[in-house]
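Understanding the architecture of this molecule
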Amino acid sequence: MTKETQAPAKVLLSSSARQKLLAFASLLGLMIFFSFASPAFMQTDNMVSILQATAVNGVLAIACTFVIITGGIDLSVGTLMTFCAVMAGVVLTYWGLPLPLGILAALVFGALCGFTSGVLIAKLKIPPFIATLGMMMLLKGLSLVISGTKPIYFNDTPDFPVISQESLIGYFIPSLP
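Everything in this summary refers to the structure shown in the same document. In this text the structure is predicted, and so the values were computed from the model without any measurement. (Residues numbered from 1 in each chain as written. Predicted model: local features only at pLDDT ≥ 70, side-chain atom pairs only at ≥ 80, totals over all residues. Heavy atoms only, no water.)

**Some remarks on the packing of helix H5 (residues 99-122) against helix H6 (residues 128-147)**
A pair of packed helices can be characterised by two numbers: the angle between their axes and the separation between those axes. Interaxial distance between H5 and H6 falls to 9 Å at its minimum, and their mutual angle equals 150°. On the basis of the axis angle, H5 is roughly antiparallel to H6. Both H5 and H6 take part in a crossing whose hand is right-handed. Two secondary-structure elements touch here, H5 through Cys-113, Thr-116, Ser-117, Leu-120 and Ile-121 and H6 through Pro-128, Ala-131, Thr-132, Met-135 and Leu-139. Partitioned by chemical class, the residues of the contact of H5 with H6 number seven nonpolar, three polar and no charged. (Axes fitted to C-alpha atoms, helices over the stretch in contact; angles between N-to-C directions. Helix = DSSP H or I, 4+ residues; strand = E, 2+ residues; numbered from the N terminus. Parallel < 35°, antiparallel > 145°, perpendicular 65-115°, else oblique. Left-handed = near helix turned anticlockwise from the far one by under 90°. Contact = heavy atoms within 4.5 Å. Nonpolar A, V, L, I, M, F, W, Y, C, P; charged D, E, K, R; others polar.)

**A look at H6**
With 20 residues, H6 should cover 28 Å at 1.5 Å per step; its first-to-last C-alpha distance of 28 Å lies within 8% of that length. Buried within H6 are the following residues: Ala-131, Thr-132, Met-135, Met-136, Leu-139, Ser-143 and Ser-147. Mapping the buried residues of H6 onto a view down its axis gives an arc of 135°, with all of them on the same face. Structurally, H6 contributes buried residues whose contacts are with helix H4 (77-94) and H5. Gly-148 lies just past H6 and shows a positive phi near 70°. (Expected span 1.5 Å × (residues − 1). Buried < 20%, exposed > 50% of the residue type's maximum accessible area, 1.4 Å probe, protein only. Arc of directions from axis to C-beta.)

**Things to note about the nonpolar core**
In this structure, Leu-80, Phe-83, Cys-84, Met-87, Ala-88, Ala-106, Cys-113, Met-135 and Leu-139 together form the largest nonpolar core, which totals nine residues. Sorting the residues of this core by element identifies H4, H5 and H6 as the ones contributing at least two each. Here the element with the most residues in this core is H4; it accounts for five residues. Sequence-distant contacts of Leu-80, defined by excluding residues within four places in its chain, comprise Gly-110, Cys-113 and Leu-139. (Core = buried A, V, L, I, M, F, W, Y, C linked by side-chain atoms within 4.5 Å.)

Written as structure tokens, this is what we have:
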């Protein structure tokens, strides 16, 4: 064997490559198993439902990936998402402002919290684990205090179902529901 043919084989047999291939094979195995277990599993409607149900976690995972790649950790991601939703709810339901302002409020508060965590970690040299753990606890408490420990209902926000229950997939792939 030449060096050129050994290199790809060596890469495929490395520990990280085996781990990735095993994860992908497990996913394929699960899909095959559930396809036989339920004939409705591989239907388009079911696949769209699965993608919609996991969309939020997917977006959060993409954001966390960048943090993890740089050697950091962010424990406050889920609580930050909750806090942003509470702030959007306050702007939309308590103050009765239009939907774009509610979305803007969620983005601004999310950016402000991220900036604060970043300053604590980068400038004050607080370890990311401690800084984001503290941010998580702070945001959890703020969310409970601001919402009064009660759910915020978006019944009086007429455009809210458009962004919460509708799907944009139909705009990009018209053949899908």
